[in-house]
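Residues per chain are reported as follows:
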Amino acid sequence: MDSSLQRKEKAGLRWREWLEGWYRLTYETLFQKINARHLQDPLHLPPLNGLHCIVTGATSGIGLEIARQLAESGAHIVMAVRNTNLAHQLIQKWQRNETDSRPLTIDVLELDLFYLKSVVKFAQEWNSRSKPLHVLINNAGIYSIGQPQKFSKDGYETHLQVNHLAPALLSLLLLPSLKRGSPSRIINVNSLMHVIGFVDTQDMNFLTKKNKFASRKAYSSSKLAQLMFSSMLQKNLPADTNIHVLCIEPGAVRTNVTRDLPRFMNIFYQQMFFFMFDAQQGSRSAIFAATNADILKYCGKLKAEEWPVCAFIGCHCRTTKPSKEAYNVATSHQVWEKTLEMVGLPTDVVDMILQGKEIHCHYARG
């Protein structure tokens, strides 16, 4: 077949998938409260004593709710945050609100996803404690709506780094602790906006005219990349490690990301708030994924029978399917290899870490 005709057919297929993605995104946003009406608010949690859990971005939004609710149910929480002072203030507030005066077990460690060196330092600090890690919740993320293109000091577009590269690096480096805590879970707070995303592994930084930058494109593609990488990580983890990788979708949640929009667009988003979740409602799918026992059986079934996608949990706390593009095996392999290259890790990093071999990440230097 003529290559130009192939390109046209591929472009047409992508256009149709993009329109289908927008339809799904709009429909599920408008009806998310109806679809989640069976859920308690907040979710009822059993005692979680003995559960060690790291939550990134735990000082605001759904990350704050995740950390608070898990801690109040008895889990040992590590708040992995940039603003450690604010984290300590929140802990004091939560402790004062405890009706039974039960002390909360919460640690605070600094983590700045804008710097990959900070990710390495955090992982080294936690792993050095030789404690088990039962749940890693990669919650922190950014969506700089309407903002110009920005790059981290590591040289990567900021949505790509914060939403995908840094959590991917953290997940890999914490595998020794997750192995000690098995059965354990890596939970990536994804977004339904991945359904309108496409990943160009040759230009993930949006540097070419062909792949012109827009914050919406950068955000949705970073979330799709995260989902593809998560699926590849689940595939590469031996079954006997009993480490499970899940992506969850919190729903459309009221946040302050619209503060930089033009006034007329901000008014539109404010009207949409009627259909959106608050932070507590948005935290439910992550908390469900972190605590539900049956979900691990589903993860095992997917790995054994239905790969190429990892488990994906919707905002209604039910398993669902991600976008069609998430099933693109060729692109998923490319995302895996490109991600490891960007964060400075070898392609056989999973086997090396699980075998206890020393790995060299150049972000650990200096």
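Residues numbered from 1 in each chain as written. Predicted model: local features only at pLDDT ≥ 70, side-chain atom pairs only at ≥ 80, totals over all residues. Heavy atoms only, no water.

Q: Looking at this structure, I do not really get helix α3 (residues 61-72). What am I missing?
A: The periodicity of an α-helix, 3.6 residues per turn, causes residues three or four places apart in sequence to face the same way. The end-to-end C-alpha distance of α3 is 17 Å, a good match for the 16 Å that twelve residues give at a rise of 1.5 Å each. Burial within α3 is extensive, with ten of its twelve residues counted as buried. Those residues of α3 lying buried are I62, G63, L64, E65, I66, A67, R68, Q69, L70 and A71. (Helix = DSSP H or I, 4+ residues; strand = E, 2+ residues; numbered from the N terminus. Expected span 1.5 Å × (residues − 1). Buried < 20%, exposed > 50% of the residue type's maximum accessible area, 1.4 Å probe, protein only.)

Q: Any chance you could explain empty space enclosed by the protein here in plain terms?
A: Rolled over the atoms, a probe as big as a water molecule pinpoints where empty space is left. Within this structure, the stated rule accounts for two cavities of 30 Å³ or more. For the largest cavity, the calculated volume is near 50 Å³. Elements that contribute at least two residues to the lining of the largest cavity include exactly α6 (158-173) and α8 (215-236). Across the lining of the largest cavity, the residue classes tally to five nonpolar, five polar and no charged. What lines the second largest cavity is Q234, V245, C299, L302, K303, W307, V309, C310 and A311. Ranked by residue count, the leading element in the lining of the second largest cavity is helix α12 (residues 295-306), at three residues. (1 Å grid on protein atoms, 1.4 Å probe; cavity = no way out; pocket = protein on both sides within 12 Å on 5 of 7 lines; lining within 4 Å. Points joined across faces, edges and corners; volume = space filled by probe spheres on them. Nonpolar A, V, L, I, M, F, W, Y, C, P; charged D, E, K, R; others polar.)

Q: Explanation requested: the packing of aromatic side chains in the structure shown.
A: Aromatic rings considered in pairs are described by the distance between their centres and by the relative angle of their planes. The full count for this structure, using the stated rule, is eight aromatic pairs. On the basis of an interplanar angle of 20° and a centroid distance of 6.3 Å, the ring pair of Y23 and Y27 is categorised as stacked. Taken together, the residues span about one helical turn, with Y23 and Y27 both in helix α1 (residues 3-30) at a distance of four residues. Judged by relative accessible area, Y23 falls into the exposed class, the value being 60%. Centroid distance F274 to F275: 5.2 Å. Interplanar angle 85°. Geometry classified as edge-to-face. Residue class for F274 comes out exposed when judged on its relative accessible area of 62%. One aromatic cluster is present, formed by W15, W18 and W22 through successive ring pairs. Cation over ring: K33 sits above F274, and NZ or CZ is 5.7 Å from the ring centre. Here R284 stacks its cationic end above the ring of F277, 5.2 Å away from the centre of that ring. (Phe/Tyr/Trp six-rings, centres within 6.5 Å; stacked < 30°, edge-to-face > 60°. Lys NZ or Arg CZ within 6 Å of the ring centre and 35° of its normal.)

Q: Sorry if this is basic, but what is going on with the layout of surface pockets here?
A: Considering only enclosed or pocket space, the second largest pocket measures out at about 880 Å³ in volume. Lining the second largest pocket are 32 residues, and of these R14, F198, V199, D200 and N211 lie nearest its centre. Going through the elements one at a time, α1, α8 and α13 (329-343) are the ones with two or more residues in the lining of the second largest pocket. Residue classes in the lining of the second largest pocket are distributed as twelve nonpolar, ten polar and ten charged.

Q: Please explain the pattern of salt bridges as it appears in this structure.
A: Taken as a whole, this structure holds seven salt bridges when the rule is applied. E72 is the partner of R68 in a salt bridge, and the nearest nitrogen-oxygen pair spans 3.0 Å. Highlighted residues: R68 and E72, both in helix α3, separated by four residues, approximately one helical turn. In this structure, the salt-bridge partner of D107 is R129, at a minimum N-O distance of 3.5 Å. Here D107, found in strand β3 (residues 106-110), pairs with R129, found in the loop between α5 (116-128) and β4 (135-138); they are 22 residues apart in sequence, far enough to count as distant. Salt bridges sharing common partners tie together E65, R68 and E72. (Salt bridge = Lys/Arg side-chain N within 4 Å of Asp/Glu carboxyl O.)

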